[in-house]
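# Residue-level structural notes
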Amino acid sequence: MTSGRAVRYEKALARALDAGYEILQNGKALDAVCAAVVALEDSPLFNAGRGACYNTDGKHELDAAVMDGATRRAGAVAAVSRLRNPVLAARAVMEKSTHVLLVGRGAERFALAHGARIAPASYFATRSRLVALKRRLTGHHGTVGAVAVDADGNLAAATSTGGYTGKLPGRVGDSPLIGAGTYADEICAVSGTGFGEAFIRTVLAYDVAARMRYRGEKLARASAAALARIAALGADGGLIAVDRRGNIAMPFNSEGMYRGAIDQQGHRRLAIY
Ligand code: ASP
């Protein structure tokens, strides 16, 4: 990580925070998390949307989910290759179908019928991710996610990812699985990044919410305890979470996690390590 690179990441994070914050002035948490994730998907820096990593076929298969805490409505897409903003397709599944998760061609067809923008394979081609595939680099996450609470106390979470470099074609990660990489109810909203298989096996995002609901744990403690369970499986990653009072937790056990938060007064916090 050079200082120039860090500045680029911080700028992209700040743009996403501002996109969400603007909406939260008089809008809903659900709209805010989608706007923030779209901003991150559109940036080539992150492993989602435009900057997604390659699978072993040298192709991109993207996963995304969104969940509205107040209503517990949720939508997700998995293994899509042609959608510019998978998070918006996830939202369309939530709002325009009776389903929660659509995959592959069916998901693309559905999203296109509901106004999704398509992108050619070249749109997703980034040199750094190709180098990562050639060198079989793993361990670099970069899934994007956003969680928010709005003025009415409603919570929402959204997550979008390319998975990880060198994953098998057809592999689906934790991000589009409600309760694993993405979850929101009336207590908290959670979005995860890291070795997805461990998040699935520990039902990580739901574990945070369940600890708060059934054990009365505070957000920080519940988040740290849930994350410890992926660490116990030998996996690394992190999560971002917010509760209805606006408390924020962003624990990780990886080397770093690009993250940012903005509060009611508009104070931004950005960090990498
Ligand atoms: N959690 C994502 C997945 O397994 C990857 C990541 O966060 O980097 O699909």
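Preceding this section is the structure that the text describes.
Notes on the structure follow. (Residues numbered from 1 in each chain as written. Predicted model: local features only at pLDDT ≥ 70, side-chain atom pairs only at ≥ 80, totals over all residues. Heavy atoms only, no water.)

### Remarks on the site of the ligand
Surveying the vicinity of the ligand reveals twelve residues, the closest of which are Thr 143, Arg 171, Asp 174, Thr 193 and Gly 194. Thr 143 places a side-chain nitrogen or oxygen 2.5 Å from an oxygen atom of the ligand. One of the side-chain N or O atoms of Asp 174 is found 2.8 Å from a nitrogen atom in the ligand. Here the ligand, which alone exposes 270 Å², has 100% of that area covered by the protein. Judged by its atoms lying within 2 Å of the grid points, the ligand is housed in the largest cavity. Looking at the shell around the ligand, its residues break down into one nonpolar, nine polar and two charged. (Near = heavy atom within 4 Å. Polar contact = N/O pair within 3.5 Å; in protein donor to acceptor, adjacent residues only side chain to side chain. Areas by Shrake-Rupley, 256 points an atom, 1.4 Å probe, with all protein chains shown as cover. 1 Å grid on protein atoms, 1.4 Å probe; cavity = no way out; pocket = protein on both sides within 12 Å on 5 of 7 lines; lining within 4 Å. Sits in = over half its atoms within 2 Å of the grid points. Nonpolar A, V, L, I, M, F, W, Y, C, P; charged D, E, K, R; others polar.)

### Here we look at the sheet that holds strand β5 (residues 155–161)
Spatial strand order, β3-β2-β1-β5-β4: five strands in an open sheet with mixed pairing. Looking at the sheet topology across the chains shown, the edges are occupied by β3 (101–103) and β4 (144–149). On average, adjacent strands in this sheet sit at an angle of 5 degrees to one another, irrespective of strand direction. Summarising the sheet, strand β1 (residues 62–68) and strand β2 (residues 73–80) pair through six bridges and their orientation is antiparallel. Paired with Ala 65 across the strands is Ala 76, a residue of β2. Sheet strands touched by helix α2 (residues 29–42): β1, β2, β4 and β5. Its angle to β4, the strand with the most contacts, is close to 155 degrees. (Pairing = 2+ DSSP bridges. Helix = DSSP H or I, 4+ residues; strand = E, 2+ residues; numbered from the N terminus. Axes fitted to C-alpha atoms, helices over the stretch in contact; angles between N-to-C directions. Contact = heavy atoms within 4.5 Å.)

### Focus: the packing of helix α1 (residues 3–24) against α2
When two helices pack together, their arrangement is given by the angle between the helix axes and the distance between those axes. Across the interface, α1 lies against α2 with an axial gap of 8 Å and an inter-helix angle of 160 degrees. On the basis of the axis angle, α1 is roughly antiparallel to α2. Here α1 and α2 pass one another in a crossing that is right-handed. Side by side, α1 and α2 meet where Ala 12, Leu 13, Ala 16, Ala 19, Gly 20, Ile 23 and Leu 24 of the first sit next to Ala 29, Asp 31, Ala 32, Ala 35, Ala 36, Ala 39 and Leu 40 of the second. By residue class, the composition of the contact of α1 with α2 is twelve nonpolar, one polar and one charged. (Parallel < 35°, antiparallel > 145°, perpendicular 65-115°, else oblique. Left-handed = near helix turned anticlockwise from the far one by under 90°.)

Keep in mind these values describe shape, not function.
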